[in-house]
Structures are given as C-alpha cells and as structure tokens.
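Below, each chain spelled out in residue letters.
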Amino acid sequence: MGEKMDNRENMPRILLAGANSGCGKTSITCGILKALTDRGIKIQSYKCGPDYIDPMLHSHITGRSCRNLDPFFSTEEDLRHLMAKNSREAEYSVAEGVMGYYDGIGISCEKSTHTVSVATSTPTILIINGKGMSHTMIPVIRGLLSYRENPIQGVILNRCSKTMFQMLKPELERILGIKAVGYFPENEGVHIGSRHLGLMTAAEIQNLDEVIERLGKMAEESIDLDLLLRIGEKAPVLNPDMSEESDDVCAMSEKKSGIFDNIHKSRARIAVAWDKAFCFYYAENLDILCREGAELVYFSPINDEKLPDDIGGIYLGGGYPEAYEKELANNHSMKDAIRGATADGMPILAECGGFMYTCRNLVETDGSSYPMLGLVPTDVQMTKRLSMEFGYVTMTAVKDTPYFNAGTEIRVHEFHYSKAEIPGEVCRMEKSTGRSWTGVYSQKNVLAGYPHLYFHNCPQVARRFVHMAAKYEAIFSGNVDMAAEYEADFSGNADR
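Just so it is clear, the model here is predicted, and its values are computed rather than measured. (Residues numbered from 1 in each chain as written. Predicted model: local features only at pLDDT ≥ 70, side-chain atom pairs only at ≥ 80, totals over all residues. Heavy atoms only, no water.)

Colleague: What's the story with the overall build of the chain in this structure? I'm lost.
Modeller: Scanning the chain from terminus to terminus reveals 14 helices and 27 strands. Taking all 496 residues of the chain together, the buried fraction comes to 57%. At a minimum sequence separation of 6, the contacts of the chain that also span at least 24 residues come to 73%. Accessible surface computed for the chain: about 20500 Å², of which carbon and sulfur atoms make up 48%. (Helix = DSSP H or I, 4+ residues; strand = E, 2+ residues; numbered from the N terminus. Buried < 20%, exposed > 50% of the residue type's maximum accessible area, 1.4 Å probe, protein only. Contact = heavy atoms within 4.5 Å. Areas by Shrake-Rupley, 256 points an atom, 1.4 Å probe, with all protein chains shown as cover.)

Here it is in structure tokens:
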C-alpha cells in the first residue's frame, strides 16, 4: 500500500456486499481477510447487521475484535463515528455486508448494507453468484448499480472458473464501468459448517484454520488484491472530527481463545459467561461496560465449578445452550453458585441464550427436559422453526426495573428457535410490520429475556448494571460508606 500505509487520515477501506444471502460473502470475506493479514497488513474488520458468528470468524483471522455496523441500532453519524474510532489503529478496514445489498427492514431498503456503505462513503465491491450465468450477469449488476446512488466500485464473481472470468472481465468493465476485481472458484472442499441458527461458531469448527488457510490461498490466487487495496485507498475521509482519540477508557485485547480482557482499573468486576454455549457478545457492549467502570472477567458455565472471585455482577450472553444442555444441566456446582449469588442480590443480565439458561427447564423438541437455573418462572421449549418474533424489534418498558424505567424505548434484536412458556411482561415488543407481543422478566436484580441489547443505543442499561454490581461489591465487602456513595452518585446520574 506504499506510503499511504503511514497516512491513514482517509482510513482506507472497502465493503463487500452480496446480491443476495448465500452468494458467498462470508467465505470470500474470510479469504480476503486471511490473504491481507498474511501480507502483514493490520486489518480492522466489520460486519453489517446484528451478526455474532461472522465477527468471530473475522476476529480469529485478524487477531482484532470485529465490530458491528448496524443502521437499526445506530444513526448514520454514529456509524461514521464507530468506523472512524475503530479503524484509527488499523492500516486497512474490510466490512462484510448482510443479506442482499439493498435488503433492509421488512421488504424495504431501509437500514440495509446499502445504508452502511452510503453513510460511511465506503467503496463497495459486489459479490455475485455467477453459477449458471455468463452475459446475463451484466444486466443483473447494472440493475444493482443504477437502482440507487451508491459507492459500488467493483465486482467479484463467486462460483466462477478462471476461464469464464477472463472472458467476462473486459465486457464487465467496458459495459458497466466498474472493476472486475476477481473471482472465486467453486470448491466443495472449503466449507464452514452450519446449524439451525446459521454458521457454526469459530470455536466449534475443528478444521477452521485449515479452511481459512485454503480460503486465503484462493483469494491470493483469484482476486486482484493490489487492485482491491487501491480501491480502498481512494475512500474519502470519514470525518476528521470523528477520527480523533476515542473516548473509550477500556483498552481491549483478544486472547487466542477469543475472550476479551480489559486492562482498566475499575469500580466493579462483572463475570461474563464465555464458552461454546455462550459467546454472542457485541464488542461494543464490552467496551461500554468497561467505559462505565467495569472490569470484565470470564467464566464457563459448562466447565467451571464456581464463579470468578470478588465479582459484583454476571452477564449471560447469547449462544447455543441447547447444543450443550446436558453439560449445563449437570454442572450442579456452577448452577448452585449462580443461584446463591442471585439470592444474595447480585445483578444478572441475561440475553437470549443466557435467558434460556435462567429458565427452569430447557425442553427439547422430542420432549426431553434439562433443568437449568430456575431464576425465572418458565420453561423454554425448542422449536423446529425460527420464532415469528425474529428480527429487529422496538422494545418499550411497561414497568420500572432496576435497569430502565417504564416508558423507555430500546431498539433490540431477536433470533431464536425456541419459545418461552410464559414470555414475561416487563416490555412490549413491536416490529415494523406492527406485530407486537410482551416479553422480558425482571426479578429484582435479574433482567432476562430473548432480546439482544446493543448498549450504544441504551447506555443507561450498561450504566445501571455496572452501578448495581459496584454497590453489591461494596455491601458484601462491608464498605457501607462506599455503597452509600455509589447510591448517591447514581441517583443523580443514572440516565445522564
């Protein structure tokens, strides 16, 4: 990338967008990330939308926490700020789109990958599944180019042979006026496993490094990476005001295991569940908890016998508890430890898979039942189909809770193949279609429900969670004066 590598004011970057879901975005993105990383380039990756699994793959390859850029959770100004903040220390940034380029909420273009690419002025490369097409893909691509104003600069043809690409390349460039950046051959031997919720997590794929290595070699051989880099170098400055020093006070690094450590002196220790059953966390959420004064420590509800020492709160994120239901059910010492901490008043925040863990029993589709924590009074039943509540949701609190007041509106996301027998009644959920329902439990210090929170649009939840954890620690350490100080400080600043 030459001298521009040392002058990152414009933050060189590209966005890889698909014409449709299943066009090969993730495989091609992983291949490009691997190839560029192997060249010694410091990459910051992004995933558009509310995805957890693709970011794990990105992070595994680059060694840096992948970040989400979600236009439902964030304003266009926020998207620019988040990209500028997180790309500041990188040499090049690569974003992966979600679904088709123009696919947004419902059947609209609103809050789509297109929204992200335009808001951040990121040069965009279309990924087209070329299987079974030759010249026909030219009008297909032309339609995508002309539908709305966009920063599309090039195209990559997936499931395309080298011979076909060489024949198509001059025609694509002559007629469409964009660059044919490369192709990806069809290769059945390179496969990332999947299950009902999508791809398998990075930790579950036994031959992941072998697959990533092969994808990287394919990208190096079939994609003009130098051209790709040049396209990204022409990206306009995101916003000079946004690229200044971040206000984050939590410096995060990533272990090979994928667990984040913070190195910030804090006022509260929060235990974050992280193993094969629970690993769905937005990196931004962890940053914000730290910014609010938390020190994050990690534990495994599957493997550990007890909670980490000297903690004031527990964060149970999403994941696949149903895939490890026996291990979770049989870890009696861990369940007893969490129940005991809850009875003592320790705050617990549980989302989706974490919520399923807090229920009484996890019931499989065949009727077999596995006892969970029993912190909320309902069973949860696995289903063979995706819940009708899936997708983007606006959540409105109908009752006061320690985490938010009645009337608070929070944008959230749901995606689950299970159903709670009694869904909870703390919040009213509503989709853009008008479909609505109630959900979420608040049992004193416990907040549990299917919705995934993104703290950037509800910082008060993170702030109150850390406050409760700090107060709990002060009380149980016998520091009554400190507990009173936290209470007084919080009373005036809870929702600032």
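Colleague: I would appreciate a short explanation of the packing of aromatic side chains in the present structure.
Modeller: Counted by the stated rule, this structure contains 22 aromatic pairs. Look at Tyr 282 and Tyr 454: their rings are 5.1 Å apart centre to centre, the planes differ by 85°, and that puts the pair in the edge-to-face class. Of this pair, Tyr 282 sits in the loop between strand 13 (278-280) and helix 9 (283-291) while Tyr 454 sits in the loop between strand 27 (446-449) and helix 13 (459-476), placing them 172 residues apart in sequence. Under the relative-accessibility criterion, Tyr 282 is labelled buried at 1%. Tyr 454 gets classed as buried once you look at its relative accessible area, which sits at 2%. The ring of Phe 72 is capped by Arg 411, whose NZ or CZ atom sits 4.6 Å from the centre of that ring. (Phe/Tyr/Trp six-rings, centres within 6.5 Å; stacked < 30°, edge-to-face > 60°. Lys NZ or Arg CZ within 6 Å of the ring centre and 35° of its normal.)

Colleague: Could you clarify how one ought to interpret the packing of helix 5 (residues 137-147) against helix 6 (residues 162-176) in this entry?
Modeller: For any two helices packed against each other, one specifies the inter-axial angle together with the distance between the axes. Where helix 5 contacts helix 6, the axes come no closer than 11 Å and their chain directions differ by 35°. Remark: the crossing between helix 5 and helix 6 carries right-handed chirality. In this structure, helix 5 contributes Met 137, Ile 138, Ile 141, Arg 142 and Leu 145 to the contact, and helix 6 contributes Leu 168, Glu 171, Leu 172, Ile 175 and Leu 176. Per-class residue counts for the contact of helix 5 with helix 6 are eight nonpolar, no polar and two charged. (Axes fitted to C-alpha atoms, helices over the stretch in contact; angles between N-to-C directions. Left-handed = near helix turned anticlockwise from the far one by under 90°. Nonpolar A, V, L, I, M, F, W, Y, C, P; charged D, E, K, R; others polar.)

Colleague: How should the nonpolar core be read in this particular structure?
Modeller: Most often, soluble globular proteins keep nonpolar side chains buried together rather than apart. Ranked by size, the top nonpolar core spans 124 residues in total, and within it Ile 141, Leu 157, Leu 172, Tyr 315, Ile 338, Phe 404 and Phe 455 carry the most contacts. When residues of this core are assigned to their parent elements, the largest contribution, eight residues, is made by helix 13. Setting aside chain neighbours within four positions, we find Leu 172 in contact with Met 137, Ile 138, Ile 141, Val 155, Leu 157, Gly 177, Ile 178 and Ala 180. In terms of nonpolar packing, the next biggest core, distinct from the first, is built from 33 residues, Ile 14, Ile 43, Leu 57 and Met 218 among them. (Core = buried A, V, L, I, M, F, W, Y, C linked by side-chain atoms within 4.5 Å.)

Colleague: Even after reading the chapter, I still don't get empty space enclosed by the protein, so can you show me in this structure?
Modeller: Space left empty within the atom packing is revealed by a probe, the size of a water molecule, rolled over the atoms. Enumeration according to the criterion identifies two cavities of 30 Å³ or more in this entry. There is about 80 Å³ of room inside the largest cavity. Lining the largest cavity are Leu 349, Ala 350, Glu 351, Met 395, Phe 404, Val 440, Leu 447, Ala 448, Gly 449, Pro 451 and Leu 453. The set of elements that each furnish at least two residues to the lining of the largest cavity consists of strand 17 (348-351) and strand 27. Residues belonging to the lining of the largest cavity are distributed by class as follows: nine nonpolar, one polar and one charged. (1 Å grid on protein atoms, 1.4 Å probe; cavity = no way out; pocket = protein on both sides within 12 Å on 5 of 7 lines; lining within 4 Å. Points joined across faces, edges and corners; volume = space filled by probe spheres on them.)

Colleague: Looking at this model, I keep getting lost on unusual backbone geometry. Mind explaining?
Modeller: Trans peptide bonds make up the majority, and among non-glycine residues the majority have a negative phi. One non-glycine residue with positive phi stands out, namely Ser 121, at about 50°. Mapped onto the secondary structure, Ser 121 falls in the loop between helix 4 (113-119) and strand 5 (124-129).

Colleague: How should I be thinking about the sheet that holds strand 22 (residues 409-414) in this particular structure?
Modeller: Two strands in a sheet stick together by hydrogen bonds in their backbones, pointing the same way (parallel) or opposite ways (antiparallel). In spatial order, the strands read 22-21-24-25; together these four strands make up an open sheet with antiparallel pairing. Taken across any chain shown, the strands that pair with only one partner, and hence form the sheet edges, are strand 22 and strand 25 (436-439). Shown here is a sheet whose adjacent strand axes are inclined to one another by a mean of 35°, direction ignored. Alignment of strand 21 (residues 391-397) against strand 24 (residues 427-430), held across four bridges, turns out to be antiparallel. Looking at the pairing, Ala 397 lines up with Cys 427 of strand 24. (Pairing = 2+ DSSP bridges.)

Colleague: Would you mind going over the pairing of strand 1 (residues 13-18) with me for this structure?
Modeller: The side chains of a regular strand alternate between both faces of the sheet. Here strand 1 lies mainly inside the structure; six of its six residues are buried. Burial along strand 1 is two-sided: Arg 13, Leu 15 and Ala 17 facing one way and Ile 14, Leu 16 and Gly 18 facing the other are all buried.

Colleague: I would appreciate a short explanation of helix 9 in the present structure.
Modeller: Each full turn of the α-helix corresponds to 3.6 residues, which orients residues three or four apart in the same direction. When you tally the buried positions in helix 9, you get eight out of nine residues, the bulk of the element. Where helix 9 is concerned, the buried positions are Ala 283, Glu 284, Asn 285, Leu 286, Asp 287, Ile 288, Leu 289 and Cys 290. Just beyond helix 9, the residue with positive phi is Gly 293, at close to 110°.

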